[in-house]
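Examining the three-dimensional arrangement
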Amino acid sequence: MLGDNIHFLLQPRSIAIVGVSTKPGKIGYLLLENILQGEYPGKVYPIHPSASEILGLKVYPSIHSVPEEIDAALISVPAKMVPQMAEECGKKGVKGLIVITSGFGEVGEHDLENQLMDIAHQYNMRVLGPNVVGILSNGDRLNASFIAPLPLPGKVSMISQSGALLAALNLASHSYRAGFEKLISVGNMADIDFADVIGWLNQDEGTHCIALYAEEIKDGKRFIEAAGKVSKPIIALKAGVSKHGAAAAASHTGSLAGTAKVYSAVFEKAGVIQATGLGNLFNRSLALSLQAPMKGDHLAIVTNGGGVGVLSADAAEHFGVPVQFMPEDLQEELRQFLPPFASTKNPVDLTGMAGPDWYLPSLRKTLSHPWVDGLVVLFTEGAGHDPVEIAKTIRRAVDESGVNNKPVTASFIGGDRSEKAMKWLVEHGIPAYNVPEEAIDALAGLHECAKLKKGMAFSGEIYSNGKTETALAIIQKARSENRTVLSEIEAHQVFASYQLPVAQMNLATSEEDAVKIAREINYPVAMKIVSPDILHKSDAGGVKVNIQDDVGVREAYHSVIENAKAYKPSARIQGVMIQEMAQSGLEIILGSVNDPAFGPAIMFGMGGIFVEVLRDVTFKIAPLTLEQSNQMLDEIRGAALLDGVRGEAPRDRQALAEVLFRYSSLVYDLAEEISESDANPAFVYEEGQGVRIVDARILLNSNK
Ligand code: ADP
Ligand code: MG
């Protein structure tokens, strides 16, 4: 099977270098030089048509002339020659190619890339690249790349889509005190992509945390599935999350989605922690590779400086792990040996006089108390105690506590001695940072890790009572009329087929009709223009609400049509919708966008006319369990509005969660058809009173 060969490629026992150079400094020379400098224990076969020896190694004129088996070939010949070399490797039985050469898909040379892949498939070879820096592995003493030396050793393995970044990270590993087990450059991902490598790294002993730098995830569903199966923490830095991608979308949801929010939803679904930047990726991955996830919410801070203690408490709130007072029994224990002027509340302030003798019992007792789920140790360097002694005390306290399932991070603020102390700590398994915020953020990363894993373990049911056939029939009718926008009435009907609470309504095509429908529905009613050419009806003067009687209906019938014509003379007008007037309630927006890579994502947020200004929305990948639907309600800034503020009664959260649950199943089941949709607004009433959707929009995929 093709899949098995990935192992030989990522952990080769023998390597050929196709395109080795005799000139120092050239990539083809560096490749060999680096392999040798890294002290790779496997066999190395340089291939060069005329040279007989390079760097003391016997050179072979062609891949055929190598007498032994070859696991991987590093290819660094001009792009046009790559397919031919690949063919020769295939004939020789090489199991995988690391194609360093650039000039393929990334510059529009897709045919050349396809040609390479055809050959690879024909000979069952896996391909890393093209356009990669290579593979660096401390565990295998393998530097199959043109950058050197091997990174500072660590337990993080990094997969990067950018070669230049990987090269820089390799060097930066020292200044961040954050080492790597492996650095794997995936380049164009013509074959091996993130999903393949994370799957493989899950079984790699030296890797305790997987870090990704991603510009684009092409096969999104495969990524989610692969990441979901990985037991090790994964952290990702996604580049390109600015507004750019959100432009020119037709619906509210489209313009609110942007890449950032959809990717965040994807990472959540996949159980992947998101890094906010490069420094953050370093800091968090270091902690994730050395410490256990933080399983509860109780963070303890122990410090010798009040100021940094307060700063840390601020940071803790900012990063989502707010500090609470320690339980009384723990405080009492600490008081036994701390002086009266020390604070035992949290942060525990040992004061400036604290040395190992105060740190040791405080840390040991704090960490082993059942209330505490994670610990941050701070030290501000002064003239007194040696930071290295404090570092050793921290390690000793953790060991003596016997606790190994709660995370500990540290920060030493000071000069060279603090630097040395932190280096010692990291080398002894405790992540340490230059500033307290980073130590807190690292712990917050471990907290997120535990939360994500818990969320993944929960597998609830998906709503299954939707009438997909009914919805499809409505969509087919629109398609038969060459439409990719459903009328509002059709959109409401599709929503209703998944038991979503839509307001009662009907289409009127004459004044008499309008009166008749209004009487059937019962006054008061709302009236709206129905036109495929008008998306935002209010803008066109096409909405009248709270109409009380027949006279009002007659009047409104003409005025909405006239307004619409004045607004857009070319608009095709199908009639006027008469709709039950819904009581006003808390206005929310629901939406969906169908991402080409990841499938449909669901949006929920505060609605009303300010929705695009406030952008208080959250996304999740469909379909949702009822539990996830409930979680979504708490993810927006305005979440407290659902609980009732300023004397208002709490809103019907249960009904709202149920609506999200059904809606997510609708857009998931109909992902082939629906590209975007929204309900804007829906009103949420008091507890027990439910939800009402009064405006529905559905756009169909146009490429069907
Ligand atoms: P559009 O978004 O196309 O401008 P809507 O159908 O959303 O048009 O109507 C505009 C506003 O009118 C809504 O945001 C809502 O506040 C109010 N509204 C519309 N229909 C109703 C209704 N049936 N009951 C109560 N209020 C309504
Ligand atoms: Mg609306």
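Procedures and definitions
Residues numbered from 1 in each chain as written. Chains lettered and ligands numbered in written order. Predicted model: local features only at pLDDT ≥ 70, side-chain atom pairs only at ≥ 80, totals over all residues. Heavy atoms only, no water. Pairing = 2+ DSSP bridges. Helix = DSSP H or I, 4+ residues; strand = E, 2+ residues; numbered from the N terminus. Axes fitted to C-alpha atoms, helices over the stretch in contact; angles between N-to-C directions. Donors = N, O, S within 2.8 Å, 3.2 Å for Na, K, Ca; no water. Buried < 20%, exposed > 50% of the residue type's maximum accessible area, 1.4 Å probe, protein only. Domains from an automatic or database assignment. Contact = heavy atoms within 4.5 Å. Buried area = accessible area lost by both parts, 1.4 Å probe. Salt bridge = Lys/Arg side-chain N within 4 Å of Asp/Glu carboxyl O. Polar contact = N/O pair within 3.5 Å; in protein donor to acceptor, adjacent residues only side chain to side chain. Near = heavy atom within 4 Å. Areas by Shrake-Rupley, 256 points an atom, 1.4 Å probe, with all protein chains shown as cover. Nonpolar A, V, L, I, M, F, W, Y, C, P; charged D, E, K, R; others polar. Expected span 1.5 Å × (residues − 1). Parallel < 35°, antiparallel > 145°, perpendicular 65-115°, else oblique.

1. What about the sheet that holds strand S7 (residues 126-128)?
Hydrogen bonds between backbone groups are what pair the strands of a sheet, and the pairing can be parallel or antiparallel. Taken together, the five strands give an open sheet; going across it, the order is S2-S1-S5-S6-S7, and neighbouring strands pair in parallel fashion. The open sheet terminates on both sides in strands that have one partner only, identified here as strand S2 (43-47) and S7. Each strand axis lies, on average, 20° off the axis of its neighbour in the sheet, ignoring direction.

2. Things to note about the coordination of the magnesium ion (ligand 2)
Ideal geometry at a metal gives 109.5 degrees between four tetrahedral donors and either 90 or 180 degrees between six octahedral ones. Summarising the metal site, the magnesium ion (ligand 2) is bound by the protein donors Asn 680 (O) and Asp 695 (OD), whose distances to it range over 2.1 to 2.2 Å. Residue Asn 680 is located in strand S27 (residues 674-684), and its partner Asp 695 is located in the loop between strand S28 (691-693) and strand S29 (696-700); the two are separated by 15 residues in the primary sequence. Just as Asn 680 is buried, Asp 695 falls in that class too.

3. Let's talk about the domain arrangement of the protein
Interface size, as often reported, equals the accessible area lost upon joining of the parts. For the protein, the assigned domains are domain 1 (1-132), domain 2 (151-290), domain 3 (292-457), domain 4 (459-503 + 584-704) and domain 5 (504-581). On a C-alpha basis, the centres of domain 2 and domain 3 stand 28 Å from each other. In this complex, domain 2 contributes 20 residues to the contact, which on the side of domain 3 involves 21 residues. Where domain 2 abuts domain 3, roughly 1700 Å² becomes buried across the two surfaces, and 58% of that area is made up of carbon and sulfur atoms. The largest per-residue losses of area from domain 2 upon contact with domain 3 belong to Arg 177, Arg 284 and Leu 290, which jointly make up 41% of the total buried on that side. Scanning the region where domain 2 abuts domain 3 turns up three salt bridges. Note that Glu 448 is salt-bridged to Arg 284, the shortest N-O span being 3.2 Å. Run the count over domain 2 and domain 3 and you get seven residue pairs in polar contact (both at pLDDT 80 or more). With seven residues, helix H9 (residues 278-290) is the largest single contributor of residues to the side of domain 2 that touches domain 3.

4. Considerations on the site of ligand 1
Around ligand 1, the surrounding shell holds 18 residues, and the nearest of these are Lys 528, Lys 537, Ser 538, Ala 582 and Asp 695. At a separation of 2.5 Å, an oxygen atom of ligand 1 approaches a polar side-chain atom of Ser 538. For ligand 1, a nitrogen atom lies 2.8 Å from a polar atom in the backbone of Ala 582. Computed on the free molecule, ligand 1 has an accessible area of 540 Å², of which 84% lies beneath the protein chains in the complex. Listing elements by their share of the shell around ligand 1, those giving two or more residues are strand S21 (525-530), strand S22 (543-547), strand S23 (575-580) and S27. Broken down by element, the shell around ligand 1 gets its largest block of residues, three residues, from S27. Across the shell around ligand 1, the residue classes tally to nine nonpolar, four polar and five charged.

5. Things to note about the sheet that holds strand S18 (residues 408-413)
The five strands lie next to each other as S16-S15-S17-S18-S19, forming an open sheet whose pairing is parallel. Of all the strands in the sheet, the pair left with one neighbour each is strand S16 (348-349) and strand S19 (432-433). For S18 and S19, the ladder comprises two bridges, and the chain directions are parallel. The residue of S19 that forms the bridge with Ala 410 is Ala 432. Packed on one face of the sheet, helix H10 (residues 306-318) meets strand S15 (299-303), S16, strand S17 (374-380) and S18 and runs near 160° to S15. Against the sheet, helix H12 (residues 356-368) engages S15, S17 and S18, with an angle of about 160° to S17.

6. Considering H9
Taking 1.5 Å as the rise per residue, H9 with 13 residues should run 18 Å; its terminal C-alpha atoms sit 19 Å apart, in good agreement. Counting buried positions along H9 yields 10 of 13 residues, so the element is predominantly enclosed. Among the residues making up H9, those that are buried are Asn 280, Leu 281, Phe 282, Asn 283, Arg 284, Ser 285, Leu 286, Ala 287, Leu 288 and Ser 289.

7. Quick notes on the environment of Ala 421
Along the polypeptide, Ala 421 turns up in helix H14 (residues 416-427). Between the alpha carbons of Ala 421 and Ile 390 there is a distance of 7.8 Å; along the sequence they are 31 residues apart.

8. Some remarks on the packing of helix H6 (residues 194-201) against helix H7 (residues 220-229)
Direction vectors running N to C along H6 and H7 enclose 10°, while the axes themselves pass 9 Å from each other. Here H6 is positioned roughly parallel relative to H7, judged by the angle of their axes. The segment H6 lies against H7, with Phe 194, Ala 195, Asp 196 and Ile 198 engaging Arg 222, Phe 223, Ala 226 and Ala 227. Tallied by class, residues from the contact of H6 with H7 come to six nonpolar, no polar and two charged.

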